[in-house]
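Next come the chains, spelled out residue by residue.
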Amino acid sequence: TAEDENTVTDEEALNLTVYPNPARDVLNVEYTSAGSGKLELQVIDSKGAVLLRQNMSVSAGRNVETLIIASLSQGMYIIRYQDVDGNVSFTKFVKQ
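Definitions and limits used
- Every chain is numbered independently, its residues counted from 1 as its sequence is written.
- Where local features are concerned, this predicted model is filtered to residues with pLDDT of at least 70; where side-chain atom pairs are given and counted, the filter is 80 or more; whole-chain, interface and lining totals use all residues.
- Here the side-chain values reflect all heavy atoms present in the structure, with hydrogen atoms and water set aside.
- For this analysis, a salt bridge means a side-chain nitrogen from Lys or Arg found within 4 Å of a carboxyl oxygen belonging to Asp or Glu.
- Segments assigned H or I by DSSP are reported as helices when at least four residues long, segments assigned E as strands when at least two residues long, and all are numbered from the N terminus.
- Three labels apply to residues, based on accessible area from a 1.4 Å probe with only protein chains included: buried if under 20% of the type maximum, exposed if over 50%, partly exposed otherwise in between.
- Paired strands are those between which DSSP finds at least two bridges.
- Fitted lines through C-alpha atoms give the axes, limited to the stretch in contact for helices. The angle between two N-to-C directions lies from 0 to 180 degrees.

Draft legend 1. Here's a closer look at the pattern of salt bridges. Going through the model one piece at a time under the given rule, you end up with three salt bridges. For Arg62, the salt bridge identified is with Glu30, shortest N-O distance 3.0 Å. Of the two residues, Arg62 is situated in strand E6 (residues 61-68) and Glu30 in strand E3 (residues 26-33); the sequence distance between them amounts to 32 residues. In this structure, Glu40 and Arg80 form a salt bridge, with 3.9 Å as the shortest nitrogen-oxygen distance. Of this pair, Glu40 sits in strand E4 (residues 37-44) while Arg80 sits in strand E7 (residues 75-82), and the two are 40 residues apart along the sequence. The same class applies to Glu40 as to Arg80, namely buried. Several salt bridges share partner residues, and in doing so they unite Glu40, Arg53 and Arg80 into one network.

Draft legend 2. Main features of the environment of Asn87. By the element assignment, Asn87 lies in strand E8 (residues 87-95). With 48 residues separating them along the chain, Asn87 and Leu39 place their C-alpha atoms 9.9 Å apart.

Draft legend 3. Inspection of the sheet that holds strand E2 (residues 17-19) at higher detail. Spatial ordering of the open sheet is given by E2-E3-E6, a layout of three strands whose pairing is antiparallel. Looking at strand neighbours, the two that pair on one side only are E2 and E6, the edges of this open sheet. Looking at each pair of strands side by side, their axes are set apart by 20 degrees on average, direction ignored. Two strands pair when backbone bridges link them, and E2 and E3 are joined in this way by three bridges, in the antiparallel orientation. Paired with Val18 across the two strands is Val29, which belongs to E3.

Draft legend 4. How the structure looks around the pairing of E7. The pairing of E4 with E7 spans five bridges and is classified as antiparallel. The residue bridging Gln42 from the neighbouring strand is Arg80, located in E7. The pairing of E7 with E8 spans eight bridges and is antiparallel. Its bridge partner lying in E8, Gln82 is registered against Val88. What sits between E7 and E8 in their antiparallel hairpin is a turn of four residues, with Gly86 showing a positive phi close to 90 degrees.

Structure follows, in structure tokens:
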């Protein structure tokens, strides 16, 4: 539940990196996972709507996920990342 989430707003805390930024068609999301399991990535617009949701299996250590963002309109978006331990992190990117 939302009350159980550990929210982290500093992307450095989970070593969350997005590139290229700004991006056109694809966005790479690179992160470090403390363990193996399932996680969720969301792309959220400026109004708070979830436009893309991707669940994936990860392994402990460094992981990279490629998101296809070609269908998104130009503008600023937020990536919401929830790791296997329930920690939540947010970072921004710009779609050109």
